[in-house]
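# Observations on the three-dimensional arrangement
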Amino acid sequence: MDKKNLPIAFFDSGVGGISVLREAVKLLPYEDYLFFGDSANAPYGTKTLQEIRQLTLTHAHRLYETGIKALVIACNTATSAAINDLRSIYTDIPVIGIEPALKPAALMSPHPTVIVMATPLTVREKKFHDLLGHYADKADVIPLACPGLMEFVEQGRTDDAEVISCLSDLLSPYLSSRTVDAIVLGCTHYPFVEPAVRKLAGNHVRIFDGGPGTARELRRRLTENGLLHGCGNPGTVTFKNSLPEKIELSERLLQASL
Ligand code: DGL
């Protein structure tokens, strides 16, 4: 089989990675996609590095075995924990990770104040500290661990009163005490609560999401490896999940954002 015709696999701890998948589907509509969410083991962000690495390697191996032409780790947490291992294991396909979109936020104006919302693991890990170090002289960065937030999205809840109250508890101490210029959604579940974040932050705050940049990186890597599918019929999206009852929600989240 021509390798170009194989699907692109996406992996996340749950349904959040669909915020990255949707950007890929918009940019590369002729590709076939296989999305696996590990909702049975979610959240990853409050687990140990070792647990997350083990889960990510196990699921990546299963996806690879099905025959894929690229692997996208559509999870900031799993990327921090396992991207180096995955790249050294799967040298014959592009392996793409995601990190909080701090770069465009830090460079958007002279010395902006930027909140980076992410999981406890992401803000704790070396990968994030290296990223912070890179932009330390360009922006005031406030890392904000948001335990409990992804669970709402896993339940398909994106802007009810409890979601707003959780976001308000997290963000209000910063929004009320200083001028915040930007918020980075550094977990792939959070773009689904972006309208609620917007309501609290107001229109003057810019919101950044790593999904579009990750989709462009996927296109770049497929192009450079001669793996891009040519024009033709629109591709397919297949959802799999360690909690099968999440498939319907997955389809809904994708359809709502295309
Ligand atoms: N979607 C994941 C991320 O981008 C993490 C959510 C979780 O499992 O805690 O970090």
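Now for a quick tour of the structure. Given the structure is predicted, the values throughout are model-derived calculations rather than measurements. (Residues numbered from 1 in each chain as written. Predicted model: local features only at pLDDT ≥ 70, side-chain atom pairs only at ≥ 80, totals over all residues. Heavy atoms only, no water.)

A few words on the packing of aromatic side chains. Aromatic ring pairs: the centre-centre distance and the angle between the two ring planes describe each pair. The final tally for this structure, using the stated rule, is 5 aromatic pairs. Residues Phe 10 and Tyr 33 carry aromatic rings whose centres are separated by 5.9 Å and whose planes lie at 70° to one another, so their mutual orientation is edge-to-face. Here Tyr 33 lies in strand β2 (residues 33–37) and Phe 10 lies in strand β1 (residues 8–12), a separation of 23 residues in the sequence. Summarising the aromatic geometry, the rings of Tyr 64 and Tyr 90 are spaced 4.6 Å apart at their centres and angled 35° between planes, so their arrangement reads as tilted. (Phe/Tyr/Trp six-rings, centres within 6.5 Å; stacked < 30°, edge-to-face > 60°. Helix = DSSP H or I, 4+ residues; strand = E, 2+ residues; numbered from the N terminus.)

According to the stated counting rule, one finds 15 salt bridges in the structure shown. In this structure, Lys 126 and Asp 130 form a salt bridge, with 2.7 Å as the shortest nitrogen-oxygen distance. With Lys 126 and Asp 130 both in helix α6 (residues 126–135) and 4 residues apart, this pair spans about one turn of that helix. Given a relative accessible area of 57%, Lys 126 falls into the exposed group. Given a relative accessible area of 43%, Asp 130 falls into the partly exposed group. Note that Asp 137 and Lys 138 form a salt bridge whose closest N and O atoms lie 3.5 Å from each other. (Salt bridge = Lys/Arg side-chain N within 4 Å of Asp/Glu carboxyl O. Buried < 20%, exposed > 50% of the residue type's maximum accessible area, 1.4 Å probe, protein only.)

Here helix α8 (residues 161–177) is 17 residues long and its end C-alpha atoms lie 23 Å apart, about the 24 Å a rise of 1.5 Å per residue gives. Along its length, α8 reaches its greatest deviation from straightness, about 50°, at Leu 171, and the proline Pro 173 lies no more than four positions downstream. Along α8, the residues classified as buried are Val 163, Cys 166, Leu 167, Leu 170 and Leu 171. (Expected span 1.5 Å × (residues − 1). Bend = angle between axes of the 7 residues up to and from the residue.)

What follows is about the state of the cysteines. A complete count under the given rule lists 0 disulfides for this structure. Cys 75 carries a free sulfur, and the closest cysteine sulfur to it, the one in Cys 187, is 6.7 Å from it. Under the relative-accessibility criterion, Cys 187 is labelled buried at 6%. (Disulfide = S-S within 2.5 Å.)

On to unusual backbone geometry, then. A cis amide bond, omega 0°, links Ala 42 with the succeeding residue Pro 43. Residue placement: Pro 43 occurs in the loop between β2 and α2 (49–65).

Around the ligand lies a shell of 13 residues, among which Ser 13, Tyr 44, Gly 45, Thr 77 and Thr 188 are the nearest. Ser 13 places a polar side-chain atom, nitrogen or oxygen, 2.6 Å from an oxygen atom of the ligand. Among the residues forming the shell around the ligand, the class breakdown is 5 nonpolar, 7 polar and 1 charged. (Near = heavy atom within 4 Å. Polar contact = N/O pair within 3.5 Å; in protein donor to acceptor, adjacent residues only side chain to side chain. Nonpolar A, V, L, I, M, F, W, Y, C, P; charged D, E, K, R; others polar.)

Any functional reading would require information that these geometric values do not contain.
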